[in-house]
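Observations on the model geometry
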Amino acid sequence: MKNYSYRLPERSLKKDYIFNMMGSMVNSVVSVILLVVVSHVLGATAAGIFSVGYSTAQMMYIISVFEMRNIQVTDAKRTFSFAEVTGFRVVTTVAMWLFFVAFCIVRGYSGEKLCLMAVLTFYMSMLSFSDLFQGNLQLNGYLSLAGLSLAGSVALAALTFVAVLAISKNLVLAVCGMAIAAFFWVAFYDIPFNNNFTRIKFSFEFKKQKQILLCALPLFLSSFMQQYIFNSSKYAIDSVLTEVDQSHYGYLTMPIFCINLLSIFVFRPQLVTLSENWAKREIAAFKKTVAVLFLWIAGFTAAALLGGYLLGIPVLELLYGANLSGKRSVFLVLLLAGGFSAACSLTLTLFTIFRKQRLCLYAYAVTLLFSIIVPEYAVRRWKIMGAAISYLAEMALLFAVMAVLFVIVFKREKNANE
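Residues numbered from 1 in each chain as written. Predicted model: local features only at pLDDT ≥ 70, side-chain atom pairs only at ≥ 80, totals over all residues. Heavy atoms only, no water.

1. Describing the overall build of the protein
Of regular secondary structure, the protein possesses 14 helices and zero strands. If you list the helices and strands of the protein from N to C, you get α-α-α-α-α-α-α-α-α-α-α-α-α-α. Taking 22 Å as the expected radius of gyration for a compact globule of 418 residues, we find that the protein reaches 21 Å, a close match to that expectation. For the protein, with 418 residues in total, the buried portion stands at 57%. Sequence separation of at least 24 residues holds for 85% of the intrachain contacts in the protein that already meet a minimum separation of 6. (Helix = DSSP H or I, 4+ residues; strand = E, 2+ residues; numbered from the N terminus. Rg over C-alpha atoms; globule rule 2.2 N^0.38 Å. Buried < 20%, exposed > 50% of the residue type's maximum accessible area, 1.4 Å probe, protein only. Contact = heavy atoms within 4.5 Å.)

Next comes the structure, spelled out in structure tokens:
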């Protein structure tokens, strides 16, 4: 399979949008579907364990990918070879496992919860390598194939999870099925298509690895802190409340990912165009595209709030088979927080285009400090509503600081090149 390649289709901008949208949509709903299945098959307690486990595995995923995707696809000058990027992915995946062990020791996880998190982390490592190949496809003009890969890998994994869980009633075995499915997808889809551009090679040249590290480190630290900031409310619930409370919070938070991930399918196809506009100093076109992207996020958020107010709780109760009465306000607060989270993701991407992503560390450091101090106090005082309020405050604070920094950097860079 290492040297086997599939025939490439014709390039199509229309297919790029459609399949990238499909990949983002499938990825945005899969975690919701998995939690629904776990809730109905195994109950609320298992759903609570799965919710915090999946969130922790997503944090480990960020360590593995090290936020190289945006740097990879905007590397128009091919500063880093695919072999060098692949070698770096191996290094970061090893680092992910070392961090996972340390994290579980500190949090005191053991038994079924520890085993579940370990298998989920292995699954995320498979998705990380799939993301590596997807980035190479996008860089070479095949975002459509990358979108199909994202959709196919998570869909196959989810279907395998559901089938194994239905038969075995064992959560760990079901996640093992997910991981195996993801491995086969990488082997029989990602690698053959990527063989059209480059064979799998690993380069660990210290100088290049150091350059990649320094380039990606600020972006990674920002993303990692963002993920921890999001999870801080869940960890506060994990320390203060029950697994059932954790499952209810998980039910209420899952839909907010839809705002973020559906926003991604809009701005990801624009990355190359935005990079070229900025490189050529086509300021008017750059500003117009950025404004449209933020309007898309605002529109998604407004639609989600309206839908959440009218139908959110009844739909969630139907999906998860749980009693969520009295939690509409919590749900709306979380949806609004999801809008701010999507805006933060877009702003972080813009800093990447400027190659000024290290400045985002200031915004994340301020918010991280807030997230260490506030969530547990808020959860002890207001329970699940406290978790929602603390998360909204975190996302609003993060976006406010990032927006101020962005305006300063934009004006400075624009004036410097006039």
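2. What to know about unusual backbone geometry
Keep in mind that most residues, glycine aside, have a negative phi and that most peptide bonds are trans. Phi is positive for K169, which is not a glycine, with a value near 55°. Along the chain, K169 turns up in the loop between α6 (143-168) and α7 (171-194). With a phi close to 60°, K383 is a non-glycine residue in the positive phi region. With respect to the secondary-structure elements, K383 resides in helix α14 (residues 360-416).

3. Comments concerning the side chain of D238
Examined against the element boundaries, D238 turns out to sit in helix α8 (residues 206-240). In terms of polar contacts, D238 uses its side chain to reach the side chain of R107, at 3.4 Å. For D238, the side chain forms a polar contact with the side chain of Y109, separated by 3.3 Å. Ignoring sequence-local partners within four residues, the contact set of D238 consists of R107, Y109, K113, E243 and Q246. (Polar contact = N/O pair within 3.5 Å; in protein donor to acceptor, adjacent residues only side chain to side chain.)

4. Considering helix α12 (residues 283-320)
An ideal rise of 1.5 Å per residue puts 56 Å on 38 residues; α12 reaches only 48 Å between its terminal C-alpha atoms. The largest bend along α12 reaches roughly 65° and is located at L311, with the proline P314 sitting one to four residues downstream. After α12 finishes, the residue G321 shows a positive phi value of roughly 65°. (Expected span 1.5 Å × (residues − 1). Bend = angle between axes of the 7 residues up to and from the residue.)

5. A look at the packing of α12 against helix α13 (residues 328-354)
Remark: α12 packs on α13, axes separated minimally by 9 Å, with the N-to-C direction vectors making an angle of 160°. Between α12 and α13, the interaxial angle falls into the category roughly antiparallel. Read as a crossing pair, α12 and α13 show a hand that is right-handed. For the contact of α12 with α13, the per-class residue count stands at 19 nonpolar, five polar and one charged. (Axes fitted to C-alpha atoms, helices over the stretch in contact; angles between N-to-C directions. Parallel < 35°, antiparallel > 145°, perpendicular 65-115°, else oblique. Left-handed = near helix turned anticlockwise from the far one by under 90°. Nonpolar A, V, L, I, M, F, W, Y, C, P; charged D, E, K, R; others polar.)

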